[in-house]
Amino acid sequence: MSNQPYRRASAGASIRRACRDPVHTVPIPTAMESVYPTEIRRQPETHTLRIIWSDGHEADYEYDYLRGYCPCAGCQGHGAHKVEFQAPESPVEPLTIRPVGNYAISFHWTDSHATGIYRFSLLRSICPCDSCRSERGEGT
Ligand SMILES: [Zn+2]
Ligand SMILES: [Zn+2]
(Lines give C-alpha, C1' and ligand atoms only; values in the text may rest on other atoms or scores of the structure.)
(Ligands and ions follow the chains in the order given, each with its own letter.)
Protein backbone atom coordinates (compact mmCIF):
# COMPACT_ATOMS: atom_id res chain seq x y z
CA MET A 1 0.00 0.00 0.00
CA SER A 2 1.45 3.35 -0.96
CA ASN A 3 1.03 6.10 1.52
CA GLN A 4 -0.50 8.71 -0.75
CA PRO A 5 -1.08 11.97 1.06
CA TYR A 6 -4.61 13.16 1.35
CA ARG A 7 -5.01 15.68 -1.46
CA ARG A 8 -8.43 17.25 -1.17
CA ALA A 9 -8.50 21.02 -0.73
CA SER A 10 -6.83 22.92 2.05
CA ALA A 11 -8.12 20.76 4.86
CA GLY A 12 -5.85 17.96 3.67
CA ALA A 13 -2.78 20.18 3.69
CA SER A 14 -3.54 21.37 7.19
CA ILE A 15 -4.05 17.85 8.40
CA ARG A 16 -0.73 16.75 6.90
CA ARG A 17 0.91 19.61 8.72
CA ALA A 18 -0.80 18.50 11.89
CA CYS A 19 1.12 15.24 11.67
CA ARG A 20 4.40 17.07 12.01
CA ASP A 21 3.48 19.91 14.31
CA PRO A 22 3.39 19.08 17.99
CA VAL A 23 0.18 21.04 18.37
CA HIS A 24 -2.06 21.90 15.50
CA THR A 25 -5.68 22.51 14.81
CA VAL A 26 -7.33 20.31 12.22
CA PRO A 27 -10.01 22.21 10.31
CA ILE A 28 -13.16 20.25 9.63
CA PRO A 29 -15.30 20.80 6.53
CA THR A 30 -18.74 22.29 7.13
CA ALA A 31 -20.76 19.52 8.66
CA MET A 32 -24.35 18.44 8.15
CA GLU A 33 -24.81 16.94 11.60
CA SER A 34 -26.45 19.23 14.11
CA VAL A 35 -23.41 19.24 16.37
CA TYR A 36 -19.98 18.88 14.86
CA PRO A 37 -16.38 19.63 15.79
CA THR A 38 -15.11 23.06 14.87
CA GLU A 39 -11.59 22.24 16.10
CA ILE A 40 -9.66 19.02 16.56
CA ARG A 41 -6.27 19.57 18.11
CA ARG A 42 -3.57 17.04 18.80
CA GLN A 43 -1.97 17.42 22.22
CA PRO A 44 0.98 14.99 22.16
CA GLU A 45 2.28 16.02 25.57
CA THR A 46 -0.89 14.73 27.25
CA HIS A 47 -1.71 12.05 24.64
CA THR A 48 -5.08 13.63 24.14
CA LEU A 49 -7.12 15.07 21.34
CA ARG A 50 -8.96 18.28 22.13
CA ILE A 51 -12.32 18.48 20.39
CA ILE A 52 -14.20 21.76 20.39
CA TRP A 53 -17.81 21.46 19.24
CA SER A 54 -20.06 23.82 17.32
CA ASP A 55 -22.16 24.33 20.43
CA GLY A 56 -19.13 25.45 22.44
CA HIS A 57 -18.66 22.17 24.28
CA GLU A 58 -15.08 20.93 24.49
CA ALA A 59 -13.22 17.96 25.90
CA ASP A 60 -9.91 16.11 25.81
CA TYR A 61 -10.07 12.56 24.48
CA GLU A 62 -7.19 10.25 25.36
CA TYR A 63 -5.70 8.57 22.31
CA ASP A 64 -6.15 5.10 23.81
CA TYR A 65 -9.75 5.93 24.67
CA LEU A 66 -10.46 6.84 21.04
CA ARG A 67 -8.63 3.80 19.75
CA GLY A 68 -10.65 1.62 22.11
CA TYR A 69 -13.88 2.98 20.68
CA CYS A 70 -12.89 2.21 17.10
CA PRO A 71 -16.28 1.47 15.52
CA CYS A 72 -15.05 -0.74 12.67
CA ALA A 73 -16.38 -4.27 12.29
CA GLY A 74 -12.94 -5.72 12.96
CA CYS A 75 -12.86 -4.15 16.42
CA GLN A 76 -16.54 -4.38 17.29
CA GLY A 77 -17.50 -7.63 15.62
CA HIS A 78 -20.03 -7.99 12.84
CA GLY A 79 -23.58 -7.24 13.79
CA ALA A 80 -22.62 -5.22 16.84
CA HIS A 81 -25.33 -2.67 17.47
CA LYS A 82 -23.44 -0.59 19.94
CA VAL A 83 -19.84 0.58 19.95
CA GLU A 84 -18.14 -0.75 23.06
CA PHE A 85 -14.75 0.08 24.46
CA GLN A 86 -12.06 -2.47 23.55
CA ALA A 87 -8.82 -1.61 25.31
CA PRO A 88 -5.88 -1.41 22.89
CA GLU A 89 -3.08 -3.89 23.48
CA SER A 90 -0.53 -1.13 23.82
CA PRO A 91 -0.64 2.67 23.86
CA VAL A 92 -1.29 4.27 20.49
CA GLU A 93 -1.08 7.69 18.90
CA PRO A 94 -2.80 8.98 15.79
CA LEU A 95 -0.36 9.23 12.88
CA THR A 96 -2.89 10.99 10.71
CA ILE A 97 -6.37 12.40 11.21
CA ARG A 98 -8.54 12.71 8.15
CA PRO A 99 -12.02 14.10 7.56
CA VAL A 100 -14.50 11.61 6.08
CA GLY A 101 -17.14 13.46 4.10
CA ASN A 102 -18.70 16.01 6.39
CA TYR A 103 -19.91 13.64 9.04
CA ALA A 104 -16.89 11.82 10.43
CA ILE A 105 -13.14 11.59 10.88
CA SER A 106 -10.78 8.67 10.63
CA PHE A 107 -7.45 7.98 12.31
CA HIS A 108 -4.39 6.11 11.18
CA TRP A 109 -3.02 4.77 14.46
CA THR A 110 0.54 3.84 15.35
CA ASP A 111 -0.57 0.19 15.61
CA SER A 112 -1.29 0.55 11.86
CA HIS A 113 -5.05 0.26 12.32
CA ALA A 114 -6.97 2.72 10.14
CA THR A 115 -10.38 1.33 9.24
CA GLY A 116 -12.53 3.07 11.84
CA ILE A 117 -14.90 5.81 10.71
CA TYR A 118 -15.71 7.92 13.73
CA ARG A 119 -18.98 9.73 13.15
CA PHE A 120 -19.29 13.05 14.94
CA SER A 121 -22.34 11.69 16.73
CA LEU A 122 -20.24 8.79 18.05
CA LEU A 123 -17.46 11.10 19.20
CA ARG A 124 -19.96 13.26 21.00
CA SER A 125 -21.71 10.29 22.58
CA ILE A 126 -18.44 9.10 24.15
CA CYS A 127 -17.39 12.57 25.34
CA PRO A 128 -15.17 11.93 28.36
CA CYS A 129 -15.86 15.18 30.21
CA ASP A 130 -17.34 15.02 33.70
CA SER A 131 -20.72 16.47 32.80
CA CYS A 132 -21.27 14.12 29.85
CA ARG A 133 -20.16 11.15 31.93
CA SER A 134 -22.62 11.99 34.67
CA GLU A 135 -25.39 12.56 32.08
CA ARG A 136 -24.70 9.03 30.88
CA GLY A 137 -24.86 7.79 34.43
CA GLU A 138 -21.17 6.90 34.59
CA GLY A 139 -19.13 7.62 37.69
CA THR A 140 -16.04 9.76 37.36
ZN1 LIG B 1 -11.18 -0.86 14.30
ZN1 LIG C 1 -18.70 16.46 27.33
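Residues numbered from 1 in each chain as written. Chains lettered and ligands numbered in written order. Predicted model: local features only at pLDDT ≥ 70, side-chain atom pairs only at ≥ 80, totals over all residues.

A few words now on the sheet that holds strand S5 (residues 94–100). Pairing is antiparallel in the open sheet, where three strands are placed in the order S5-S6-S7. Where the open sheet ends on each side, the last strands, each with one partner, are S5 and strand S7 (117–119). Taken over all neighbouring pairs, the strand axes of this sheet differ in orientation by 30° on average, direction set aside. Note: strand S6 (residues 104–109) against S7, three bridges, orientation antiparallel. By the bridge assignment, Ile105 is partnered in S7 with Tyr118. (Pairing = 2+ DSSP bridges. Helix = DSSP H or I, 4+ residues; strand = E, 2+ residues; numbered from the N terminus. Axes fitted to C-alpha atoms, helices over the stretch in contact; angles between N-to-C directions.)

The predicted model of the protein has a mean per-residue pLDDT of 83, with 76% of residues at 70 or higher. Within the model, pLDDT remains below 50 along residues 5–23, and this stretch shows 26 contacts once partners closer than five positions in the same chain are excluded. (pLDDT = per-residue confidence, 0-100. Contact = placed C-beta atoms within 7 Å.)

So, on to the pairing of strand S4 (residues 58–62). Burial of the side chains of S4 is restricted to one face: Ala59 and Tyr61 are buried, whereas none of Glu58, Asp60 and Glu62 on the reverse face is. Where strand S3 (residues 48–53) lies against S4, five bridges are found, and the strand directions are antiparallel. Considered in S4, the bridge of Ile51 is made with Ala59. (Buried ≥ 20, exposed ≤ 12 C-beta atoms within 10 Å, placed from the backbone.)

Glancing now at unusual backbone geometry. Look at His47: it is not a glycine, yet its phi comes out positive at around 55°. Judged by local crowding, His47 falls into the partly exposed class, with 16 C-beta atoms found within 10 Å. Backbone geometry at Ser112 places phi at a positive 75°, although glycine is not the residue there. Here Ser112 is to be found in the loop between S6 and S7.

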